[in-house]
Amino acid sequence: MSLVLTIAWTHVRHRARQTLVAIAGVMTGVAFSVMMAAMMEGSQDDFIRTLVDALPHISITDELREPSRQPADQIYAAAEFHGLKPNVRRPGIKNPMATIASLQGWVPGALTASVQSKAVLRFAGRNLTVAIIGIDPRTENEVSTLASHMRQGSLNSLYRSSHAILLGDRLAAKLGARVNSNITLASAQGISMNATVVGTFHSGFRATDETTGYVLLRTAQILERQTGIINEIRIRTNDPMQARLISERIGEQTGYKAISWQEAQEDLLSAITLRNVLMYTIVGAILLVASFGTYNIISTITHEKTRDIAILKSLGFRDRTIRSIFIIEALFIGLTGAAFGWVLGYLLTRGLASLEFKTPFSDYNHLPVLYSLKHYLLATAVALLSSVVAGYFPARAAARLHPVDIIRGAT
Amino acid sequence: MSPPLIEARQVTRILPGEVPVTLVADINLAIGAREFIAITGPSGSGKSSLLYLLGLLDLPTRGDVLIDGRSTTAMTEDERAEMRLSRLGFVFQFHFLLPEFSITENVALPMRALGRLSARGITQRAEELLASLGLADHLRKTPDKLSGGQRQRVAVARALANDPPVILADEPTGSLDTAATAQVFGILRDLVIMRGKTVVAVTHDLNLAAQMQRRVHIVDGRLADDVQAQPPVR
Ligand SMILES: Nc1ncnc2c1ncn2[C@@H]1O[C@H](COP(=O)(O)OP(=O)(O)OP(=O)(O)O)[C@@H](O)[C@H]1O
Ligand SMILES: [Mg+2]
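Residues numbered from 1 in each chain as written. Chains lettered and ligands numbered in written order. Predicted model: local features only at pLDDT ≥ 70, side-chain atom pairs only at ≥ 80, totals over all residues. Heavy atoms only, no water.

A. Quick peek at the overall build of chain A. Looking only at helices and strands, chain A has 15 helices and 10 strands in total. If one aligns the C-alpha atoms of chain A with their principal axes, the spans along those axes are about 105 × 55 × 40 Å. The buried share of chain A, taken over its 411 residues, is 46%. Taking the intrachain contacts of chain A between residues at least 6 apart in sequence as the baseline, contacts between residues at least 24 apart amount to 76%. Summed over all atoms, the accessible surface of chain A reaches about 20700 Å², with 59% contributed by carbon and sulfur. (Helix = DSSP H or I, 4+ residues; strand = E, 2+ residues; numbered from the N terminus. Buried < 20%, exposed > 50% of the residue type's maximum accessible area, 1.4 Å probe, protein only. Contact = heavy atoms within 4.5 Å. Areas by Shrake-Rupley, 256 points an atom, 1.4 Å probe, with all protein chains shown as cover.)

Okay, structure coming up:
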C-alpha cells in the first residue's frame, strides 16, 4: 500500500466510530436520493404512460381555432349589429370517410372516428346525464385501450342489437343496470330511444367509469340528428412523442383543429417539469447535508492530527502529500458511503415498490418505481464530489500549517 | 575543499506582529562534517529558533542558510522539504512519533516518503536501525508502550532513516532521567565517532556540553561564543 494510503487508512481506522457515522451519512444520502429518484421518475413515467394510453394521441375536431365570422362582420369590417340571429353552423367533420382516407395515406398510426353526444339515461326511475360516444368497433380497437378494459361483453357486442350501449362499471352500478337491461336515452336534440346494455367497462378513471356510455356511430348520429357527420377523429400515432408534429401537419392539411396529447395536457406536463426541479433540489439537499458529515470528520481528523501533520512536514513530507492524505480519507468515506447507499437505496426502492397503495383517481395496487443506473451514478457522482470538496478545505488548511508553529507550542 | 554541510550567513529571524520579536540576529555559523556541536545559552535566548532555521523548519527574515553550499531561501517549499527529507535528521525534546504506528513504521516513514528503497529494504533498514539502538525487542510496539528513553532512541533511529549527514537535536535529553540521558547522549556521540555524522544538539546540561567538541553559546539571539574545546573527532 502506498504511504499516503497507509496513513489515510490508519486515520480512518483509528476513528472508526466517527468514520462510520460519516459513511452512514453519505449512505443515507445516496440511498434516499436513489429511492426518491426511482419513485419520482417511476410515477412520472407511469403517469405519462397512462395518459398516453388513455388519451388519443391526436384528436381532430371540427372546432375552428377562432370563432366563425358572422355575415355582418364579413360585410362591414368594424360594425356591430344588435338583434341579429347568428348563423347556425352545422358542426361536425363533413365527409369523414374521405378525410380519414386521405389522412390514412400518410399519418403513421391508426385512426378512428367518433361522435360525441350527451343524453339523459333513464333506468328504473333513475335519470343520469351521461356522455354518449359513438364509436366504430372495428377501428376503435386500434386507437384506444377500451377493448382491454371491458368487464362484460366486448366492443363487437355493440352489433348485437339495433341500439346497443356499453356502460362504465360505476355508472352501471349506480343505475343498477346489468347486461341485457333495457334503458332509455333522451338527447338534447329531442330524440328518445330504447337501448340495450350489452357490456360494461372499467377504465380506471373514476370520472369516465361513472359518466360514459359507448354506442355505435350510427346510434350517436341519430341522437344528434346528424347522419353522415362525425365530430372527432382520434389518432393513435406509432410514436407518441411525434404527436405534436403530426398534429400540426394535420391541422394545415384539413383545416380542422388537431390537438396532440402534449398540447391537451400542457398544464400537467409543465407540472411534471416543476416536479422534476423539485425532486433534484431535494435530492441535492439530501446529499449536501450528507457532505457536512464528511466535512465534519475530515476537519476533526485534521484538527486532532495537527501535531502529526507538523511532524510529517518537519520530516520533509510535501504539502501535496499531506493534502492527498486527507482527500483520500474523504474519498474513502464518499465511496464506501455510496456503495452502501446503492444497496440500501435498492432495498428501499424494492420495499417501496412492494407497498400496496390506493390513489383517489385510479386503482393501482403498487407504487410505480423506475430502476435506472443513471440514478445510482448521479447520486454517486454528487456524493463523491461533495465529499472531496468537504475534505479539500480542511486538507488544504492542514497542508498549509507551519510545523514550527506547532513545535514551538508543544515544547 | 567541499562547502560546509550547513552554513548560516547573517541569519536574522524576526516574528512579525504589533511588537516584533527578534528570535535570532546576525548569526554566522559554519557546520562541517563529523562535528559534535552543543548549542547552549539561557532559557529564551533563541537556541531552538536557531536550530529550526538551520534545519529549514523556519525561514530567516534576513540572511541565508546554505546546505551543501546551496542557498535554501531561494528554494521552493517542496525543495526545502526534499532537503529535510534527505540531508537533515531532527530529534526533538519530545519524541514526536506518530502514535498510531508501530516504531518500525515510524522509522520507515521518511524512507517511504523518499522512496529510494523497496518496501522490504525499508522495513529491513528500519529494524536494523532500531536494533542498533537497543530496541530489537520492541519492533512491533506503538510508541505509547515504550519508556521516554526508548522513544527518544526511536526518534534518533527515525532521524537516521535516510542516512543524512547531519542530525539536529533540540534538548534530546531534556525530558529524560540521568540514566536515560547518559544512554541517549552516548548514542549521539557514537553517531559522530562510529558513523561519521555531524550532530548539533541544543542542551541546558553544561555537563553534557562539556563533553562535546564544539560549543556555540547564544545570548539574546546573538552568537556570544563559538569555541572548539577539542580537536574535531577523527
Ligand atoms: N511565537 C512566539 N511569539 C512570541 N515570542 C516568541 C515566540 N516563540 C518564541 N518566542 C520568544 O523568542 C525567544 C526565543 O525562543 P526560543 O524557544 O528559541 O528560546 P530557547 O533558547 O530555545 O529557550 P529554551 O531554552 O527555554 O528552550 C524567547 O524569548 C521566546 O519567548
Ligand atoms: Mg528551546
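B. How the structure looks around the overall build of chain B. Along its length, chain B carries seven helices and 10 strands. Against the compact-globule benchmark of 17 Å for 234 residues, chain B has a radius of gyration of 17 Å, which places it among compact chains. Along the first, second and third principal axes, the C-alpha atoms of chain B reach 45 × 45 × 40 Å. Looking at chain B residue by residue over its 234 residues, the buried ones come to 55%. Taking the intrachain contacts of chain B between residues at least 6 apart in sequence as the baseline, contacts between residues at least 24 apart amount to 68%. Within the structure as shown, chain B displays about 10000 Å² of accessible surface, and the carbon and sulfur contribution to it stands at 50%. Counting 26 positive and 26 negative side-chain charges, chain B places the centres of these two groups 5 Å from one another. (Rg over C-alpha atoms; globule rule 2.2 N^0.38 Å. Lys, Arg positive; Asp, Glu negative; His and termini not counted. Charge placed at Lys NZ, Arg CZ, Asp CG, Glu CD.)

C. The packing of helix α3 (residues 103–114) of chain B against helix α5 (residues 148–160) of chain B, seen in detail. Residues and elements named next belong to chain B. It is at 7 Å that the axes of α3 and α5 come closest, and there the two elements cross at 30°. By the angle between their axes, α3 is roughly parallel relative to α5. Where α3 crosses over α5, the two elements pack in a sense that is right-handed. Along its contact with α3, which presents I103, N106, V107 and P110, the element α5 presents V154, A157 and R158. The residue makeup of the contact of α3 with α5, split by class, is five nonpolar, one polar and one charged. (Axes fitted to C-alpha atoms, helices over the stretch in contact; angles between N-to-C directions. Parallel < 35°, antiparallel > 145°, perpendicular 65-115°, else oblique. Left-handed = near helix turned anticlockwise from the far one by under 90°. Nonpolar A, V, L, I, M, F, W, Y, C, P; charged D, E, K, R; others polar.)

D. Representation of the sheet that holds strand β2 (residues 21–31) of chain B. Residues and elements named next belong to chain B. The strand order across the open sheet formed by four strands is β2-β1-β4-β5, and the pairing between neighbours is antiparallel. Since the sheet does not close on itself, it has two edges, and those belong to β2 and β5 (70–71), each with one partner. As judged from the seven bridges shared by strand β1 (residues 6–15) and β2, these two strands associate in the antiparallel manner. Across the sheet, residue A8 finds its bridge partner in β2, namely L29. The strands touched by helix α1 (residues 47–54) are β1, β2 and β4 (62–67); relative to β2, the strand with the most contacts, the crossing angle is about 55°. (Pairing = 2+ DSSP bridges.)

E. Spotlight on the site of ligand 1. Taken together, 14 residues sit near ligand 1, with S43, G44, K47, S48 and S49 of chain B positioned nearest. One finds residues of chains A and B in close proximity to ligand 1. In the environment of ligand 1, an oxygen atom lies 2.7 Å from a nitrogen or oxygen atom belonging to the side chain of K47 of chain B. Expressed as a share of its isolated accessible area of 630 Å², the protein-covered part of ligand 1 is 60%. Of all the secondary-structure elements, those providing two or more residues to the shell around ligand 1 are β2 and α1 of chain B. In terms of residue count, α1 of chain B provides more of the shell around ligand 1 than any other element does, three residues in total. (Near = heavy atom within 4 Å. Polar contact = N/O pair within 3.5 Å; in protein donor to acceptor, adjacent residues only side chain to side chain.)

F. Structural view of the interface of chain B and chain A. Every contact between the two is made by 24 residues of chain B and, on the other side, 28 residues of chain A. Surface buried jointly by chain B and chain A totals about 2500 Å² across both partners, of which 63% is contributed by carbon and sulfur atoms. Taken together, the links from chain B to chain A amount to five salt bridges. The salt bridge partner of K305 of chain A is E100 of chain B, with a shortest N-O separation of 2.7 Å. (Buried area = accessible area lost by both parts, 1.4 Å probe. Salt bridge = Lys/Arg side-chain N within 4 Å of Asp/Glu carboxyl O.)

G. Up close: the pattern of salt bridges. Scanning all chains against the criterion turns up 25 salt bridges over all chains. With a shortest N-O distance of 3.4 Å, R15 of chain A and E100 of chain B are connected by a salt bridge. Pair noted here: R15 of chain A is in the loop between α1 (3–14) and α2 (16–54) and E100 of chain B is in the loop between β6 (88–91) and α3, and the two residues belong to different chains. On the accessibility criterion, R15 of chain A (14% relative accessible area) is buried. A relative accessible area of 11% places E100 of chain B in the buried class.

H. Broad picture of the packing of aromatic side chains. Under the criterion given, the structure shown has seven aromatic pairs over all chains. Ring plane angle 45° and centroid distance 5.6 Å describe the contact between Y346 of chain A and Y371 of chain A, whose orientation is recorded as tilted. Of this pair, Y346 of chain A sits in helix α13 (residues 319–354) while Y371 of chain A sits in the loop between α13 and α14 (373–400), placing them 25 residues apart in sequence. The exposure class assigned to Y346 of chain A is partly exposed, which follows from its relative accessible area of 35%. On the basis of relative accessible area, Y371 of chain A is assigned to the partly exposed category, the value being 40%. Each ring, one from F36 of chain B and one from F185 of chain B, has its centre 5.6 Å from the other, and the planes form 40°; the classification is tilted. Of this pair, F36 of chain B sits in strand β3 (residues 36–40) while F185 of chain B sits in helix α6 (residues 178–193), and the two are 149 residues apart along the sequence. (Phe/Tyr/Trp six-rings, centres within 6.5 Å; stacked < 30°, edge-to-face > 60°.)

I. Structural context of a nonpolar patch on the surface. Residues and elements named next belong to chain A. On the surface, Y295, L385, V389, Y392 and F393 cluster together into a nonpolar patch covering about 470 Å² of accessible area. In terms of residue count, the dominant contributor to the nonpolar patch is α14 (four residues). One can find Y392 in helix α14. With a relative accessible area of 30%, Y392 lands in the partly exposed category. (Patch = residues over 30% accessible without salt bridge, like charges linked within 9 Å, V, L, I, M, F, W, Y side chains within 5 Å.)

J. Main features of the packing of α2 of chain A against helix α11 (residues 266–304) of chain A. The contact between α2 of chain A and α11 of chain A brings their axes to 9 Å, and the two run at 175°. Regarding the angle of α2 of chain A to α11 of chain A, the classification is roughly antiparallel.

K. Focus on the environment of V216 of chain B. Tracing the backbone through its elements, the reader meets V216 of chain B in strand β9 (residues 214–219). When sequence neighbours within four positions are dropped, the list of residues in contact with V216 of chain B reads L29, I37, A38, I39, T40, L223, D225 and D226 of chain B.

L. Representation of α1 of chain B within the structure. The buried fraction of α1 of chain B amounts to seven of the eight residues, a majority that puts the element mostly inside the structure. Just beyond α1 of chain B, the residue with positive phi is L56 of chain B, at close to 65°.

M. Region of the structure containing α5 of chain B. The end-to-end C-alpha distance of α5 of chain B is 19 Å, a good match for the 18 Å that 13 residues give at a rise of 1.5 Å each. Of all the residues in α5 of chain B, the buried ones are G149, Q150, Q152, R153, V154, A155, V156, A157, R158, A159 and L160 of chain B. On the buried face of α5 of chain B, the contacting elements are α12 (306–315) of chain A together with β6, α3, α4 (119–132), β7 (166–170) and α6 of chain B. (Expected span 1.5 Å × (residues − 1).)

This is a description of form; function is not addressed.
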